[in-house]
Amino acid sequence: MPAQDLPYRKRPERADVPHAARVRPPSAAPRPPAAAVHPPRGPARETLPPPRPCRGTRPGTVLALAAADYLATAGAALLLPGPDTAPALLGALLPLLLALHAHAGLYRPGPAPAALGDLPALLGRAAVCWCAAAALLAGVRPERALPPVLLAGAVAAHTVLACYGRATVYRARRNLARRRPRAALIVGTDPAARQLAAVLLGRPEYGLEPVGLVTPASMLPAPPGPAGAAPPLPRLGSPQDIARAVIRHTVRDVVFTVSPYADPHTAALLRSFVDQGSAVWLAGAAAAREGSPPHRETDHLWGFACRRLDTGPPRHGSRVKRTLDVVVAAVLLAATAPLLLGCALVVRLAHGPGVLHRQERVGRGGRTFTLLTFRTGRRRDGDGDGAAGDGAATSRLGRLLRRTSPAGLPQLWNVLRGDLSLVGPRPERPGAVRQSDRHHPEYAARLRMPPGLTGLAQVHARRGGISAEDRVRLDNLYIDSWSLWQDLRLVLRTAGSLFRPGRR
């Protein structure tokens, strides 16, 4: 069947998709009317399902491979003489062997694994483990020291049994893949993307069933197929189409035929798939590492070089970060309560009713919330809460509040509610979000984390103005490399800049 005439096999709807995954993407969310703006009832929910363990590998395969290694170790240990030698060696061998195999990725096989392909790795690690266990046994029980010939025989028996066990597991895995393939998206351009789709559709033992082709916005779309051809795989171009396909087919695997770091558009796709918890594979030319040929552990898809991209689960520090936010915000609110009451009284006496200024901002997942600050301007006709920051209406008292920074103290209540975090991307207005989303492909990735009172981009902006492109890049860098120490360091740098003249 020609690559251009691939049939599209529709998959049934899945009812087990997490409710959070059904939230509309940020770029498609309509802007609510101004009269409907009010504080949300709780923290923003995630727009993507949480990452899943063993991405790209069925959990049953991992357990079966570990069981095969255990049986191979036990079988080789039973061949040794002495009633107490086998349990002692088994207790010393098994933890070390499992750790070495896990570190080498032997429990994360590729789409078409072969037991003979694992033979060199199994032999080397079996030799290391047996030599270490024999040395330990000789040190504890010198009379039970293993002779070299017996040690070599144990290593050989262990390797043969391990290969046989893995061959059995891989055979069962291929049979299961034929019966229950996983939905996959292919990212790339023609003809490589459609050729790979034809291979996956024609060889179900790989366990990947393509349900759509994703063409990055920076690449030209492929020409339409010939007239009268069979319905092709749907081509997904917009984030909304991709989100619908992921939810509809429960996509768990994504195959890139182009480098995921080629341009900002493919990098944005990679971030969204990693946060979604999908296994990311590189196939074809994308599987080469800096122009070098595929490595030993690289598998193939019927001639297409293929390897897994080790992305790891996103480290957004949800629980630790939220705990730090609640503790610090509660302490600061209690400590600054007299100052808050004093500022509220001064604003009320100077500007009249309406102490707080409410602004609509976009938070995590594109959900809007109400940002609270002290009103720094006089009320104008038609302005419900008073301006905060408009030069024409800002009073002398407002300028003083802004210079001394207590105007933003009510935002600690947003932190306590979960709308904001202490450290994160800058919260922006819905209009600015929509405009930036159109011009910067990686902008939507900023919404993976709640916005913050300060952040990496805000700290750099204090040294001088930065462009929107630089802000997006710095915010995504902060999210990708999140750590608790980085949050503490940014808080300290922000606190230091408040007492440094000429830095606002």
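Residues numbered from 1 in each chain as written. Predicted model: local features only at pLDDT ≥ 70, side-chain atom pairs only at ≥ 80, totals over all residues. Heavy atoms only, no water.

**Regarding the pairing of strand β9 (residues 368–374)**
Taking burial as the measure, the 7 residues of β9 include 6 buried ones, the bulk of the element. Pairing of strand β8 (residues 356–362) with β9 involves 7 bridges; the strand directions are antiparallel. Within the sheet, the bridge partner assigned to L356 lies in β9 and is F374. Between the end of β8 and the start of β9, which pair antiparallel, lie 5 residues, with G365 showing a positive phi angle near 70 degrees. (Buried < 20%, exposed > 50% of the residue type's maximum accessible area, 1.4 Å probe, protein only. Helix = DSSP H or I, 4+ residues; strand = E, 2+ residues; numbered from the N terminus. Pairing = 2+ DSSP bridges.)

**Let's talk about the environment of L420**
The topology assignment puts L420 in the loop between α11 (411–417) and β10 (421–423). The sequence separation of L420 and F369 amounts to 51 residues, and the corresponding C-alpha distance is 9.2 Å. Apart from residues no more than four positions distant in its own chain, L420 is found in contact with D325, F369, L371, Q411, N414, V415, P427, P451, G452 and L453. (Contact = heavy atoms within 4.5 Å.)

**With respect to the packing of aromatic side chains**
This structure, assessed with the given rule, holds 1 aromatic pair. Measuring from ring centre to ring centre gives 6.4 Å for F256 and F273, while their planes differ by 75 degrees; the resulting arrangement is edge-to-face. Remark: F273 occurs in helix α7 (residues 264–276) and F256 occurs in strand β4 (residues 253–256); sequence separation between them is 17 residues. For the pair F256 and F273, one class covers both residues: buried. The aromatic ring of W302 is capped on one face by R203, whose charged end is 3.5 Å from the ring centroid. (Phe/Tyr/Trp six-rings, centres within 6.5 Å; stacked < 30°, edge-to-face > 60°. Lys NZ or Arg CZ within 6 Å of the ring centre and 35° of its normal.)

**Describing a nonpolar patch on the surface**
Where nonpolar side chains cluster on the molecular surface, the patch consists of V320, L484, W485 and L488 and spans about 380 Å² of accessible area. Examining the composition of the nonpolar patch, we find that 3 residues originate from one element, helix α15 (residues 484–498), more than from any other. With respect to the element layout, L484 can be found in helix α15. A relative accessible area of 36% places L484 in the partly exposed class. (Patch = residues over 30% accessible without salt bridge, like charges linked within 9 Å, V, L, I, M, F, W, Y side chains within 5 Å. Areas by Shrake-Rupley, 256 points an atom, 1.4 Å probe, with all protein chains shown as cover. Salt bridge = Lys/Arg side-chain N within 4 Å of Asp/Glu carboxyl O.)

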